[in-house]
Amino acid sequence: MFTKIKKVIVVFCSGALVLAAAGCTGEANPAEPTNSSPTSTATVSAPPPTVSPSPTAKPTPKPIPGTSKGPAKYWPVPKMPDAAKKNSDAGVAAFTKYWFDVLEYMYITNDSRPLKAITRPACDLCARKFIDPADGLAKNGAWSVGGALDTTVTLSVTEGDSAGVANFQLEQEELLVYSKNGEYYGKLPGTKKPDAGTLVLIFDEGWHVIDLQWLDAS
């Protein structure tokens with residue numbers, strides 16, 4: 001009987017060893033697959049950037065000449081040509097014509113600022129004959145009509161590195177003046193023959209008028 005018990009114990013122990021060995025060396029069964037679908041990540045597209053409309057350029061107003069009913073409007077300031085910026089005989093001639101173009105602009109608009117920018121205070125006759133009268137009209141609300149200029153340069157030379165002289169002939173149309181109430185105030189008669197004169201220039205970051213002389217005193 002002891003022998004049978006011993007055999008059972010051995011068998012039992014052998015079975016226990018087999019189970020133990022299987023537990024230590026066996027691989028774990030793979031996990032059962034699940035039926036859940038993989039989580040999908042939704043891609044949200046960013047809205048397109050807002051494009052601001054290009055600003056529409058305002059059309060340049062058409063210049064309106066002055067009349068007895070009112071002064072000129074939207075009159076463009078003459079643009080200095082490149083030739084008038086050069087320190088040369090040709091530059092003196094081009095600048096002289098440009099200076100009188102700006103003078104005509106002042107007659108039309110009573111705006112003396114562009115002429116002052118290219119005329120030195122040393123030109124006393126420039127102030128007394130042209131600039132001061134225009135400023136006076138503007139201050140009183142008056143305006144002028146007409147006065148178109150036609151300039152011919154008869155001589156232009158540079159002197160040294162920073163000076164120039166130009167002889168010119170000037171013709172001018174009749175200039176009418178109106179008060180701020182639109183009443184006729186007076187006139188500056190047009191020239192019956194060309195007025196001859198001389199501009200004396202200095203070159204200091206561009207040409208400037210420093211003196212004006214009339215060859216025929218008037």
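Residues numbered from 1 in each chain as written. Predicted model: local features only at pLDDT ≥ 70, side-chain atom pairs only at ≥ 80, totals over all residues. Heavy atoms only, no water.

## A short note on helix 4 (residues 124–139)
- At Ile131, helix 4 shows its largest bend, some 40 degrees, and a proline, Pro133, comes one to four positions later.
- Lining the buried residues of helix 4 we find helix 2 (89–109), helix 3 (113–117), strand 4 (175–178) and strand 7 (207–214).
- Positive backbone phi, at 80 degrees, marks Gly141, one or two positions downstream of helix 4. (Bend = angle between axes of the 7 residues up to and from the residue. Helix = DSSP H or I, 4+ residues; strand = E, 2+ residues; numbered from the N terminus. Contact = heavy atoms within 4.5 Å.)

## A word on the nonpolar core
- One finds Phe95, Trp99, Leu103 and Leu212 to be the most contacted residues of the largest nonpolar core, which totals 30 residues.
- Taken together, the elements giving at least two residues each to this core come down to helix 2, helix 4, strand 3 (163–172), strand 6 (195–203) and strand 7.
- By residue number, the principal contributor to this core is helix 2, which donates 10 residues.
- Those residues in contact with Leu103, other than ones at most four positions away along the chain, are Leu115, Phe130 and Leu149. (Core = buried A, V, L, I, M, F, W, Y, C linked by side-chain atoms within 4.5 Å. Buried < 20%, exposed > 50% of the residue type's maximum accessible area, 1.4 Å probe, protein only.)

## Examining the sheet that holds strand 4
- Spatially, 3 strands are ordered 1-4-5 in an open sheet, and the strand pairing comes out antiparallel. Edge strands, defined here as strands with exactly one partner in the open sheet, are strand 1 (143–146) and strand 5 (184–188). Between one strand and the next, the sheet's axes are offset by a mean angle of 25 degrees, whatever the strand orientation.
- As paired strands, strand 4 and strand 5 are joined by 4 bridges and run antiparallel to one another. Counterpart to Tyr178 in the pairing with strand 5 is Tyr184. (Pairing = 2+ DSSP bridges. Axes fitted to C-alpha atoms, helices over the stretch in contact; angles between N-to-C directions.)

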